[in-house]
Each structure stands twice: as C-alpha cells, then as structure tokens.
Amino acid sequence: MRHEIWSEIRKQAPLIHNITNTVVANFSANGLLAIGASPVMADAIEEVAEMTFISDALVLNIGTLSTMTEATMIRAGQAANEAGCPIVLDPVGVGATSFRRDVVERILRHVRVTAIRGNAGEIATLIGVDWAARGVDAGDGACEPRQLALEAAKRYGCVVAVTGKEDMVSDGNVVMEIHGGTKRMTETTGTGCLLSAVVGACLAVEKNALKATVTAMSGYAYSGELASERAEGPGDFPIHFLNALHQLTQHTIPTNRIEVST
Amino acid sequence: MRHEIWSEIRKQAPLIHNITNTVVANFSANGLLAIGASPVMADAIEEVAEMTFISDALVLNIGTLSTMTEATMIRAGQAANEAGCPIVLDPVGVGATSFRRDVVERILRHVRVTAIRGNAGEIATLIGVDWAARGVDAGDGACEPRQLALEAAKRYGCVVAVTGKEDMVSDGNVVMEIHGGTKRMTETTGTGCLLSAVVGACLAVEKNALKATVTAMSGYAYSGELASERAEGPGDFPIHFLNALHQLTQHTIPTNRIEVST
Amino acid sequence: MRHEIWSEIRKQAPLIHNITNTVVANFSANGLLAIGASPVMADAIEEVAEMTFISDALVLNIGTLSTMTEATMIRAGQAANEAGCPIVLDPVGVGATSFRRDVVERILRHVRVTAIRGNAGEIATLIGVDWAARGVDAGDGACEPRQLALEAAKRYGCVVAVTGKEDMVSDGNVVMEIHGGTKRMTETTGTGCLLSAVVGACLAVEKNALKATVTAMSGYAYSGELASERAEGPGDFPIHFLNALHQLTQHTIPTNRIEVST
C-alpha cells in the first residue's frame, strides 16, 4: 500500500502550495518535483486563499517569518479548511523566540491542521515540555520522542511526526516508529522542511493521514540512506538525495523498518 | 551570428537586474554567471530605479509576488524605459490567481517590455484564451503555441516566447520554432525563470530582440540536451546544465533546429 | 592555532544568526553546516533581538535590502552589542545605490561591528575612495587593496577584510595578506556572502578578531583551491567546495600563504 502512494503522487502530480522560508524554498520545490508533485510558492495575502483553493495540499513553514506571514498563513489555512485541503504545519525553531511561539499558537487556534512535523525540541515547545533547544536545532530534553508525538497528537487532534534518530508518528492513539535515515540529513539545510512538504504530497493522495505521514517518513529516510551511501560529503549529498527521491516508486521499502511502538 | 551573442555576453559581462522570486534567485544568479553575465538582485522600492539605471537589462519575474512587488516592478520598469534598457517579463503562474493577472496587466499598461517569456498557459492567460493551467504549470488548451506567440506579440508589441515541447518565438510578424530541449527541464524548479534571465542577457548585447530571444532559447535548449545526456536524475541535472551553459561559446548549435514557422 | 579554530567550530557548533539576502540564504546555511556551525536565519523585527541573544555571532548582509531591513539589522546589531556577540557586516553592492550607502552608514553609526568583509569596490565606498564598481562586482580603483583594508579598519575601529585576487585583512595596525583562492569563486553566487558567515563562525570561537578573520579567509581560499581542482565547471564547483569546507579540520594549511604586509 505504501508503495502505491508514491505511484499515485507521480500519477496525479498534486499541486502543493508552500508558504515557506526563503532558505529552503528552492530545495523544497526541487524535492517535490523529484517525487512527481507540482510545487507552487505564493505568500502574498492577496492571493494565498485563491492559490490554496486550487491546491491539493498546503504546507505552512515558519522558518523565516515576516510581519505579514501570520495573517497570510491563517488566511491560506482557513481557505484550506474550507476546501477540505490537507495542511501540514512545520513549526521551525518555534522554541527559539516568543514571536514564533505566539504565531504558531495563533495559527493552531484558527486553523485545523492535518499534520505537524518537527524535531523533538519543536514539538516539546508546542506542548509546553521543557527542552534545551537552541535556534532551529533539536536539542535535548527529558521526554521520550514517542511521548512527545503522542501527547502533541492528542492535544492538537492531528497527526504529529517527531523526527530524530528514530522518527515517531502518532495520531493520538498509536505511535509508529520509523527506523533508518542518515546523519547526513542534519548537514543539509532544509531536509526537515522538505520532509514536511513531502508529507503534504502524501496527504494529497491518501486520506488516511497516519498512513500518508508514515509513508512519507519511511520513504524519505530510505532515500536518505541510499544517498548517503553514494555521497562523498555534505556538498553532493542533496544531489544524490533528490535522485533517490526520484526513484522512490521503484523501491520496495522493507516493512520491518516501521513498527507500532505503543 | 547567434554564436557571437554568447561571446559578446562573456566579453561585455552585462549587468542583469533581476526582480525575481525567492525560489529561483540563487539558480538564476548562478545561471547568469555561467554564461558570463553579471547578475544583481535588488527589489527595495528605494533603490530599484537607481539599480536599473546602471544595468544592461531588467528581468521582471512575478513568481512570488509580495504586496510591494507591483510598485517596485513598475518603478524599475519605467526607469528601464527611460534609460533604453531592455526588459523581459516572466508572468509566472499568471493564470493561477486574479492578483497575478491584475498585477501583470498593470505592469504591461505602465511599462513597455521588450520580451515576454512564459509557458503556453501563461501566455494564453495574457491574451484571454481559455486554458486549463494549474498553479505554475503549463497545462493544456485549445490554441496552438505558435498562434499564442503570434497573437500575444501583436497584442503587446513585443517579442513573445512560448516554451513547451517546441518553443515558439514571435515578434508579431514571423514565428520562429525552436526544436530541442529535454523533459528534465520540467523536473528542476526555475528553468523557465532562468531562461527569462538568459533572454535578458542576450537582449543586453543584441538590439534585434527577435534574434536575441531565439538565440537565448536555442542555446538554452541545446545546453539542456547536453546536460540530460550526462545527468543521472533531477538531482544532478542542474549541475550539468550550468556546466553546459558555461560552455555555450564553444559550441556551434545546429541551425536546422530553428525554423520560421509562419 | 589556526587549525584549532576549525576544530573548535566543529566542537562547539556555534549558532550563527544570519540576516542575509534571499539569493544566498541556502548556500550560506549549507556552508555553515559544512564547517560544523549551526545557522539560523531570522529577519522579522519582532524576533531578531531574541534570536541574537541566543546566538554566538551575528552576520548582517545587505544583498537584498527591503524597507524593513535597516530597522531589523540595527535592532539585531544592538542586541548583539549588548550581549557581547560578535558581528560581521557584509556591505554587498554598497556602491551601487545611495539607499545601500545610507543604510550601511546608519548601521555603522548605531552598531559596533567586529569585522567588515567586502570586495575592494565595497570597502572603497565605505571610506569614500573613488571606485569604478558596477552592481555587486568589485570593479577597479586607484587605491591598493591593502591600503583600503588598513584605512577602513582605522576608520571603523574593527577588522576589515578585502577580498580579491589577494585577500587583505587589517585591524588598523597591521595588514595580513592571504594568498590563494580560485577564479571559480567569482562564478558562483554568494561565495563572498558565505565567507562573511564563515568569518562569523570563526569569531564565535576565537576572541582575537584579526586571527579569527585571517583563519576564516585562508581556510576558505584553500578550500576553494581544492574544489577547483576537482570541478569541471561552475555547476559542480559549489558541491566540491562544500565538501572541501567540511574537510577543513583535516588539513594543515601551509603557513607561507599568509604574510604580514605592512
């Protein structure tokens, strides 16, 4: 089944509307193209609702917030809710500043998101768990990632994915644990942001949000491993990674990489 | 003669002022550097006119419009008109939202552009032909691309380039058809945007706008083919493509790739 | 000792806050990750001070100024001064428009910077020396780069680095000359901008600003040479360059590449 999601993306070429940060916009667009989705970036308040109406998923990423971003994201999010369009929220560095915490809180109050994808420090911030994060890095804390995913999913009534050495995905009932991935991903900017966009593409073709998110994450981790085997360093890793994402429909990802952990 | 345009660019290193979108700014700058032009990106209303005055071409790309962009583009465009500096307009995704249509209409009302470069869906929107575009993709419609190029060129009194499986360029009198290119180009974000910037570089050194645009497009398509022969996937295609653009002065592009089609 | 700075960066993973331009944000982030630093980009006025407070260095780059940027940079800069956080200023294309000159002048009036890094044309503009720059390129002028570095360092009471065929670094007393580097760097957008960010990372772990800046520049030039030996063209140069930066801790950079020139 999971395999089919990647084929469906290539077949349907879902339009993924990204309101994202300026650091990763190019990499996110190329990553979406690599899996066969069709990226569009638009963040003017005048057009975001209209763009969302024609899109198959909306990705909200707060990596480089501007003063306008909050209004823009809420308007796009509400348009998506109205249209039944799935939404992924990526709360980049939400623990770093009170501005980011406030914006994310207001987005989550006004918009029903389908999935949230972040590192442990970001998800911990969302549910008020103390965490020694710094900037946009994950950091360390006293709560297990699987617990963070479960609690956040319950709190916000959506799927929550916590990425790290092991990835955890929860819908508030079960927690799925995904093994794999590579340390190289932490050496390339925007690998988390692109993953959130890829979750959006999977949600665009698969209504079961837990299944869509787990598929996105296991395929992504697997692509990272293939790429890291070929990469000499952080310079060429993204190149091999995009090539691996492009080949996702041709691989059967071993199912023993995913386990129900609760 | 066409060959000479690439040599002239390398010799003159024309300054190309880009008011472009945040997704492709880096790729556009590197592509312009690859052919020997000198890119500059500046979009603050306070400085665009002054920047345009010292530039050899201006490229207006509406990929990620902001509330300020319209005023900025019009001011830069009027400065370019005053200075006799050629202008390329890239109406990215103009069919996707009414905001984009309105902004492009107002730009075209206040600024005389030298060339417009878009896909079939975008050019169809400009001349009011029904088109099933979606987001920033080309889509399908009931009008031949060669007709779109011709009609749009007549309407706006400038050169119009329609990119697709075959590229069409018209000055309102003749239509030139350019064969070649590669499907890989559709898998890398910003290949259309960079092409518009390359058209700008050709216009900077060649006054005949039809010749400049045809040269840009045939050299670009040829570079794409060379790159696709070497690329393993969409990840490394842009790398080979920039290398191929860098070599453009050393190739003789077969003339049978270009034909007058009207 | 210089060698140790690269090891310290990898050990401490200093958080480098970049307020930078949209063209090079991705490349700067990946370059900082390559040397083991942790990049963060944030430019909303609401959060820059808070972000700077948790950062180990602040990099101000005026490549694509917006109307908000001046206020944002001054607020972040004053927060950095208060926190004792080192600041690098990159006055990209400052000679191109009066807006850039005014903004840089006001930043330098309100913020004490630790180092300024620019090409000869940019540094000449800062100290009022006539210079035939154009856009963001270096251009030519009647003053020796070593003199520019020395004068600017005296004028602003900070370390000034002038990059070019030979790099010059001065603290207002001595001028250090760094040999090496590669022409390929001028064919990739943002190599100057990333260097400024790398200077920031070195300042974050080494209090002696002259030593930190000289280390940054010599390691950077050396990485460029290693990369240019492996690159086929401007397309793959940045890939090899990031890989070379990643290996910096493993190389001993020949000391005869650096000489005191005054």
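Here the structure is a predicted model, which means the values were calculated and not measured.

(A) A look at the confidence of the model for chain A. When pLDDT is averaged along chain A, the result is 93; 94% of the residues meet or exceed 70. Among the prediction metrics, the complex's ipTM stands at 0.94, with pTM recorded as 0.95.

(B) Local environment of the packing of helix α4 (residues 69-83) of chain C against helix α5 (residues 98-110) of chain C. Residue and element names in this part refer to chain C. Packing of α4 against α5 leaves a shortest axis separation of 9 Å and a crossing angle of 20°. Between α4 and α5, the interaxial angle falls into the category roughly parallel. Helix-helix and strand crossings are classified by hand; for α4 and α5 the assignment is right-handed. Taking contact as the criterion, the partners of E70, M73, I74, Q78 and N81 in α4 are, on α5, V103, R106, I107 and H110. Classifying every residue of the contact of α4 with α5 by side-chain character gives 4 nonpolar, 3 polar and 2 charged.

(C) Spotlight on the pattern of salt bridges. Residue and element names in this part refer to chain A. Under the counting rule described, the total for this entry stands at 27 salt bridges over all chains. A salt bridge links R257 to E225, with the nearest nitrogen and oxygen atoms 2.1 Å apart. Highlighted residues: R257 in the loop between α10 (237-246) and β11 (258-260) and E225 in helix α9 (residues 209-230), separated in sequence by 32 residues.

(D) Fine view of helix α5 (residues 98-110) of chain B. Residues and elements named next belong to chain B. Under the 1.5 Å per step criterion, the end-to-end length of α5 is 18 Å for 13 residues, consistent within 8% with the ideal 18 Å. Among the residues of α5, F99, R100, V103, V104, I107 and L108 are the ones counted as buried. All buried residues of α5 fall inside an arc of 160° around its axis, so they share one side.

(E) Layout of the interface of chain B and chain A. Taken residue by residue, the interface counts 30 residues in chain B and 30 residues in chain A. Both sides of the chain B and chain A interface together cover about 2300 Å² of buried area, and 54% of this is carbon and sulfur. When the shortest N-O distance is used, the salt bridge between B:R100 and A:E47 registers 2.7 Å. The tally of links from chain B across to chain A stands at 8 residue pairs in polar contact (both at pLDDT 80 or more). Top element by residues in the side of chain B that touches chain A is α5(B). It accounts for 4 residues. Class assignment of the residues belonging to the side of chain B that touches chain A gives a composition of 9 nonpolar, 13 polar and 8 charged.

(F) Geometry of the interface of chain C and chain B. Residue-level contacts link 30 residues of chain C with 30 residues of chain B. Across the interface of chain C and chain B, roughly 2300 Å² is buried in total on both sides, 54% from carbon and sulfur atoms. Taken together, the connections running from chain C to chain B amount to 2 salt bridges. Residues C:E232 and B:R230 are paired through a salt bridge, measuring 3.1 Å at the closest nitrogen-oxygen approach. The interface formed by chain C and chain B contains 8 residue pairs in polar contact (both at pLDDT 80 or more). For the side of chain C that touches chain B, the element with the highest residue contribution is α5(C), accounting for 4 residues.

What counts and how
- Residues numbered from 1 in each chain as written.
- Chains lettered and ligands numbered in written order.
- Predicted model: local features only at pLDDT ≥ 70, side-chain atom pairs only at ≥ 80, totals over all residues.
- Heavy atoms only, no water.
- pLDDT = per-residue confidence, 0-100.
- Axes fitted to C-alpha atoms, helices over the stretch in contact; angles between N-to-C directions.
- Helix = DSSP H or I, 4+ residues; strand = E, 2+ residues; numbered from the N terminus.
- Parallel < 35°, antiparallel > 145°, perpendicular 65-115°, else oblique.
- Left-handed = near helix turned anticlockwise from the far one by under 90°.
- Contact = heavy atoms within 4.5 Å.
- Nonpolar A, V, L, I, M, F, W, Y, C, P; charged D, E, K, R; others polar.
- Salt bridge = Lys/Arg side-chain N within 4 Å of Asp/Glu carboxyl O.
- Expected span 1.5 Å × (residues − 1).
- Buried < 20%, exposed > 50% of the residue type's maximum accessible area, 1.4 Å probe, protein only.
- Arc of directions from axis to C-beta.
- Buried area = accessible area lost by both parts, 1.4 Å probe.
- Polar contact = N/O pair within 3.5 Å; in protein donor to acceptor, adjacent residues only side chain to side chain.

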